[in-house]
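This is what each chain is made of:
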2 protein chains.
Amino acid sequence: MAGDGSDQRALQYEQTLMYGRYTQDLGVYAKEEAARLRESGQRRSVADRSRTLDLLEYEKGRCAKCRICTVRCQKFLISRVGEDWIFLILLGLLMALVSWVVDFCIAICLQAQKWMYGGLDSNVFLQYLAWVTYPVVLITFSAGFTQILAPQAVGSGIPEMKTILRGVVLKEYLTFKTFVAKVIGLTCALGSGMPLGKEGPFVHIASLCAALLSKFMSLFGGIYENESRNIEMLAAACAVGVGCCFAAPIGGVLFSIEVTSTFFAVRNYWRGFFAATFSAFIFRVLAVWNRDEETITALFKTRFRLDFPFDLQELPAFAVIGIASGFGGALFVYLNRLIVQFIRKQKAINKFLMKKRLLYPALVTLLVSTLTFPPGFGQFMAGKLTQKESLVTLLDNRTWAKQGIAEEFDYIGHSQAWKHPQVNVFVTLVLFIVMKFWMSALATTIPVPCGAFMPVFVIGAAFGRLVGESMAAWFPDGIHTDGTIYPIVPGGYAVVGAAALSGAVTHTVSTAVIVFELTGQISHILPVMIAVILANAVAQSLQPSLYDSIIRIKKLPYLPELGWGHHEKYNIRVEDIMVRDVRYITLNCCYRDLHNVLLTGHLKTLALVETAESMILLGSIERAQLQSLLSQQLGRPRRLEYIRERAAAEKKLMSVVSNPGSEDESQRISQEVRFQISTDESSFSPTRPVPQKPLKPALKRSSVVERPTEIPNSPVDNSGIALKNLFCASPDAEGLEKNNNMESPTSPELRKPSKRVRISVVDDADLEDDMTIREIAEWEEKQLDEQVNFNNCKIDPAPFQLVERTSLHKTHTIFSLLGLDHAYVTSIGRLIGVVSLKELRKAIEGSVTVKGVKVRPPLASFRDSGTSSSENETTELHKLWDRHKSMSLPREHTPSESDEKSQ
Amino acid sequence: MAGDGSDQRALQYEQTLMYGRYTQDLGVYAKEEAARLRESGQRRSVADRSRTLDLLEYEKGRCAKCRICTVRCQKFLISRVGEDWIFLILLGLLMALVSWVVDFCIAICLQAQKWMYGGLDSNVFLQYLAWVTYPVVLITFSAGFTQILAPQAVGSGIPEMKTILRGVVLKEYLTFKTFVAKVIGLTCALGSGMPLGKEGPFVHIASLCAALLSKFMSLFGGIYENESRNIEMLAAACAVGVGCCFAAPIGGVLFSIEVTSTFFAVRNYWRGFFAATFSAFIFRVLAVWNRDEETITALFKTRFRLDFPFDLQELPAFAVIGIASGFGGALFVYLNRLIVQFIRKQKAINKFLMKKRLLYPALVTLLVSTLTFPPGFGQFMAGKLTQKESLVTLLDNRTWAKQGIAEEFDYIGHSQAWKHPQVNVFVTLVLFIVMKFWMSALATTIPVPCGAFMPVFVIGAAFGRLVGESMAAWFPDGIHTDGTIYPIVPGGYAVVGAAALSGAVTHTVSTAVIVFELTGQISHILPVMIAVILANAVAQSLQPSLYDSIIRIKKLPYLPELGWGHHEKYNIRVEDIMVRDVRYITLNCCYRDLHNVLLTGHLKTLALVETAESMILLGSIERAQLQSLLSQQLGRPRRLEYIRERAAAEKKLMSVVSNPGSEDESQRISQEVRFQISTDESSFSPTRPVPQKPLKPALKRSSVVERPTEIPNSPVDNSGIALKNLFCASPDAEGLEKNNNMESPTSPELRKPSKRVRISVVDDADLEDDMTIREIAEWEEKQLDEQVNFNNCKIDPAPFQLVERTSLHKTHTIFSLLGLDHAYVTSIGRLIGVVSLKELRKAIEGSVTVKGVKVRPPLASFRDSGTSSSENETTELHKLWDRHKSMSLPREHTPSESDEKSQ
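Note that the structure is a prediction, hence the values are computed from the model and not measured.

(A) Inspection of a positive patch on the surface at higher detail. Residues and elements named next belong to chain A. Residues K347, K351, K355 and K356 make up a contiguous surface patch of positive charge. Within the secondary structure layout, K355 lies in helix 13 (residues 347-355). The exposure class of K355 is exposed, given its relative accessible area of 70%.

Structural data, given as structure tokens:
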């Protein structure tokens, strides 16, 4: 999964701290928003009135009243546009159209391949070329197009949506570019006939649609910019995505809930159902209008008998399918991850593939399509069937094993594909399952927009069919003993298998509902439920879900689920896992303390306590806020002001002494001093340098210094020395700073001289600024001793607090409920510790010790061997977080780093 | 619903504050629990080892090793019992058995009625007597039995479960008594053939089962006593309840989520699915084993055609069903509430009914069964069919209107019931719908365990059938124009109607899934979804759901849902709704402040701030804790100690002065003083009175004083004066206290003399306590001036905090997520306000003004007219909360009050 790696490079995200955000930020925002709304409302009404007046004036006669009426109607309509249901209907409509168009294009692509393959039946080699070239070209185009336009569009999208719904903002994930890349990339990828699915990408596409629609609608009303509302709409969009993909509104809602949420607001449930139903309805209506169908029915309609769907004695067979699917699902997830990790670890392969990015997709496609070539190996595994055709034949309600296939079948050629003149149908099925299994696991690592649900679904159906055919061969007259003969329906087994395997891979039970909606029959509900639950139980104890696995591979910030039945979770307490050494600032601290704290820690937020003695927690402040405070204090404007003041004072003094030549002299002296220093430091440039063209090592510095553009009112790039120290101490220069910290964490003054030379490389000498560096340092020392004024600082006045004895279970609940990133541990107002996602994750994954005993969930060791160790992960996560901080770092300038990260 | 009122009297509950609890309380609990576990584990292992040794010693030969093995296996099994899945399987099994047995008994009861009715066909009067007496007896028995054994078992149980899952503890709601009352009461009530349902009660029964099973299992392992685990298990139990009632595992889980939760943890989803599937499976397997069914199928299996279930052009008809059902559902809820309120308001009726509690059920039953008497009016409304039979016939896939019914039907007599020789089938259907509508609304107000889901479901099916038959009559050859004739299937309309009406009444969409599982066909998924969503949209804008309506009637603490699409919610902020005048205590306050605060406010928890100037919030303390602090300070043990000390000091002084007669004299003097006062206050009793037999007015006092038995170490009943003042100031004497407050809220001393007379009625003179009342008063004054020592006080160190600018929307989310009761509003650590459920509810229900504009959700006025005003409600709620405080108040002693409350 080289592509996953490379798009990770571009993955720049920001934790918004759903909880922390709302407190001050959002509040301020809401107020501004409300004010804006009121104002714009007034303005609009004034505008309307004036327009109305204009109209009245110019067309006093005829239809003036008519026009006023129209204007009013328009106004009313525009105000109505803000309603949720309009948004949801639009979203549903849009997604149904997208889904239908994508399906239509895919069908055309697949037909074209068949037509080419069929037309060249005179020459096998030409046939092979056509069969192979077509998907290779499509996949390569898809991969290249996605890579160029928006690398974020690669892959399923469900893992990312899960992260976004947790409150993390993934940059560039919900843009129009990504939408275009995902839709076109997906169409090409699926049109190639590779074993890929459209479900996951559709979740992403629907979310993209919702985000874009939100933006578009916000032109009419203000409400669309509310953060919590957007999250709600995204949750609904996920449901729409699944719903319109399978025409399965209920299953869509449930699947999207299971896959993306930890806690679900029942009020969103509504939105999901509404939008998904509308979307599925339109999606199917389009098929009817297009004369594909006579009326609205299920996508893969089955025709099993209703009166006696299955015998009670068949239930063990269904249970076996469930358990086997559980193991199979876990194996699939493991295999998928193994492939990614193998490619990443093999440096040689990796380097080669990184250079020729499109080679990997092309090679994989070549391999897969060669193996499915119908006159070749494909004849033994129904290779000529598309995914849809295979599924339709697998869910067929006739038995293949007992009766002769050829004579009875009226499907033109489709079911024929399963029957080989020399080979038993069982062998065909086994080969199909085995080959498709690794092919799907491999194909889903191609860096194109693709999901794994549908391939897995088909494999599950084939496995179920295999068991069903075996049962039918074993009991030709059915199991039922009382008179009537009810033959076994292998198609029912296929339904059960499909639900069980896809449930195992995704760790969901709602695949059962999807299966009912897809087939239009619910008669096998109990076998399906039993198999799905067993499959889930087995798969969950062995491996994370496919989406969680991808989350781990991509190193997205996540919180693992608490397994069920692990009692230990109730006995671990916050005091066992919290970090006791909290970085804090006090209300009466001076800027020097601020400086030190910022230099030594890398936390995104810092606790604000009353005094170091009382340790009463007052709130938390974002790092950026503190940096902005510091840059204001040490910034150039203040220094210039100081200079001006000093000059004024000097002038006053001068005027007292009445020496007119002194000003020139003092200037000359200061210039002398400067010159002296600039000879001292050779690379000092006396004129303002062009900021974009420094030398390479300098570039890296300057880009770091450029970073705090997010901070309002902080002209950092020409600020003082201590400030620069501070920003250089940002995590990109982590290793360097750590050494310094070890030397003397309490005396930053000692450190400064050693760095000054390096920093002055980018220090642009300002002609108006006539202070020498020594003077600046002195001035800064003085400034640093002043007390901090927190008045203009955004303080989160109610950071989330826990107490020592809060259980891990409860902590997990609260973190996932509120999407927290960290919480302070207090004891009667006193700050005593902090728990972040990191500690929590460690504790849940079992690497925390409680009272000396290492508590590990069962099978954790097996799980660990599959994934990278949690220690590794957390440092990786750190890097990610740090990278977020250097967000404005231009991508092209750091090829070495990106290479390293995209491994 | 007189019964609802009377059981409300017994409804004594306690807010556990899910959030507040976990902080200290639960933490302490968890630690103790963990310690207990460890200890018991050690003890057990020691015991095991010793037992093993014993075994080894006594039976050194033969099978000693065998036995050790057995012991170990046993131990292992017992440890496994703690696993979740064992619990869930047991729960599922138990509930399936209960459901099956209940169904079986109901069937027998109904058969018995039919048999009696059929056997007496010679005489219509006797027939009538039999037809009417049977249900009257059963319902009266059910009502009486429930009333006597456990009044909590009355009604549906879903509203209570919703409240319990929010974190409120309803006393006596999850006991074995209630279980027995509910199961037997329900069986009798449904056996009577009245239009009642079993769904709601089954949710309650399943929760009871889960709670009892938890208790039982806790004999084996310690984990079953964890609060958050219990809540999770209750959520799963609700799913099991619905699941095993309808054999609908998926619908059960979804319905229970929609009906009981605001936020749902996806990890509970699992438990629900697992248990509900198992339960539904066993429930249906029991039917197969009992030879009722050949194999496992749906409860109300339909046989609609699969190839062309409905035409696209029929969709408007389905939409009409949906919209009409929406209005119908709202009307049903309104009617139900109207009946309850009518009976409550009519004082005369109410008084009469309160005296003869069983009269109301008997009268209602008489009325309903008279009207359904088959030879009477019942012949026009298919009166002889039971609920189940009506549903089966309504879902039939043949058309009644077009074809003659008699010739084609092979159902013996059932569908015949719909056809009357003189009357059109449409008239029968209309009459059935109208009559059943008000009958169901009336019947569900009877104080027996009963739900309204099934009756509503049947009415909906009848309405759907009506529309379907009309469509079939209108388009005899179907609507489809292209060649093939697909006649309209009225049964499909019945399915849609059933889902839509039940969805509208309960405000759920999952009725759609229940319908699919009940009928075993999913072919009508789109019409059902469309109708259900439309019905919900209409019903939700008109009325609360039936369960919310009952919650309001019963005055349970609740938080209304935010409607969808109300933008205003995003613009209201906490500062608009918070109470700015917060009661608080400071860290360095003296007992007098404590006393004053307790006297003037009635909040359950009080904020603890650092100082009155800084107002930094340190935590919150429960009222009970403060009362206990105060009672410790002013309690008798301390006074006695003081006396002893004083005596010792005096003795010392005496021994210095060497005057042996002084002790007697001082005693005499004090007795004189006391005598003087006791003549002053005539009712002073010199001997200890028998506490249970005072005069009536005194009784009320004493019962109030008895209240704080919950407070540990507080021998209040013979404590001092100020303390008594305090406890008399409890809300039962609210009006009185309020007057006092108005007089002089800052000088409690002024108040005391006026009350002393009243209080001394129950003040038992203690012979050892030789202080005069004046001395006590002086001593207490001195004690009150001491600083409070908070060391032994349980402080919640992290009460939930909001900031002024938190939006209402977010506040609602947080309150419902965490089950909060109140939250403090802080600004950089400073306490500036408090928001409780009350304020939030007011704000949501639209009675809050933002910037002078009254924000009301649309249709709120309509809604208000139906329910009591929110102002009324909050005071009522206050009463409830207050009543909780006087929990140990013996029920029999306050008949006047309970009468008043049970109206």
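More follows now that the structure is in view.
(B) Structural context of the sheet that holds strand 7 (residues 795-796) of chain A. Residues and elements named next belong to chain A. One open sheet holds the four strands; their spatial order is 4-5-6-7, and the pairing between them is mixed. Of all the strands in the sheet, just strand 4 (584-586) and strand 7 have a single pairing partner and so form its edges. As paired elements, strand 6 (residues 617-622) and strand 7 share two bridges and run antiparallel to each other. Paired with I621 across the strands is I795, a residue of strand 7. Taken strand by strand, helix 26 (residues 623-634) contacts strand 4, strand 5 (605-609) and strand 6, and its axis lies near 80° from that of strand 6.

(C) Spotlight on the side chain of T277 of chain B. Among the structural elements, T277 of chain B can be located in helix 12 (residues 266-289). Other than its neighbours up to four places away in sequence, T277 of chain B contacts L526, M529, I530 and I533 of chain A together with P249 of chain B.

(D) Just the packing of helix 20 (residues 490-506) of chain B against helix 21 (residues 511-519) of chain B, in detail. All names here are of chain B. The contact between helix 20 and helix 21 brings their axes to 9 Å, and the two run at 140°. The orientation of helix 20 relative to helix 21 falls into the category oblique. For the element pair helix 20 and helix 21, the recorded crossing hand is right-handed. Residues V495, A499, S502, G503 and T506 of helix 20 touch helix 21, and the partners they reach there are T511, A512, V515 and T519. The class makeup of the residues in the contact of helix 20 with helix 21 is four nonpolar, five polar and no charged.

(E) Seen up close, the packing of aromatic side chains. All names here are of chain A. For the coordinates displayed, the defined rule picks out 32 aromatic pairs over all chains. A ring pair is formed by Y117 and F373, whose centres lie 6.2 Å apart and whose planes are at 85°; its orientation type is edge-to-face. Here Y117 is found in helix 4 (residues 84-119), whereas its partner F373 is found in the loop between helix 14 (359-371) and helix 15 (387-394), with 256 residues between them in sequence. What makes F373 buried here is its relative accessible area of 6%. When the centroid spacing of 6.5 Å and the interplanar angle of 55° are considered together, the rings of W131 and F373 count as tilted. Linking W131 in helix 5 (residues 124-149) with F373 in the loop between helix 14 and helix 15, this pair joins segments that are 242 residues apart in sequence.

Criteria and thresholds
Residues numbered from 1 in each chain as written. Chains lettered and ligands numbered in written order. Predicted model: local features only at pLDDT ≥ 70, side-chain atom pairs only at ≥ 80, totals over all residues. Heavy atoms only, no water. Patch = residues over 30% accessible without salt bridge, like charges linked within 9 Å, V, L, I, M, F, W, Y side chains within 5 Å. Areas by Shrake-Rupley, 256 points an atom, 1.4 Å probe, with all protein chains shown as cover. Salt bridge = Lys/Arg side-chain N within 4 Å of Asp/Glu carboxyl O. Lys, Arg positive; Asp, Glu negative; His and termini not counted. Charge placed at Lys NZ, Arg CZ, Asp CG, Glu CD. Helix = DSSP H or I, 4+ residues; strand = E, 2+ residues; numbered from the N terminus. Buried < 20%, exposed > 50% of the residue type's maximum accessible area, 1.4 Å probe, protein only. Pairing = 2+ DSSP bridges. Contact = heavy atoms within 4.5 Å. Axes fitted to C-alpha atoms, helices over the stretch in contact; angles between N-to-C directions. Parallel < 35°, antiparallel > 145°, perpendicular 65-115°, else oblique. Left-handed = near helix turned anticlockwise from the far one by under 90°. Nonpolar A, V, L, I, M, F, W, Y, C, P; charged D, E, K, R; others polar. Phe/Tyr/Trp six-rings, centres within 6.5 Å; stacked < 30°, edge-to-face > 60°.

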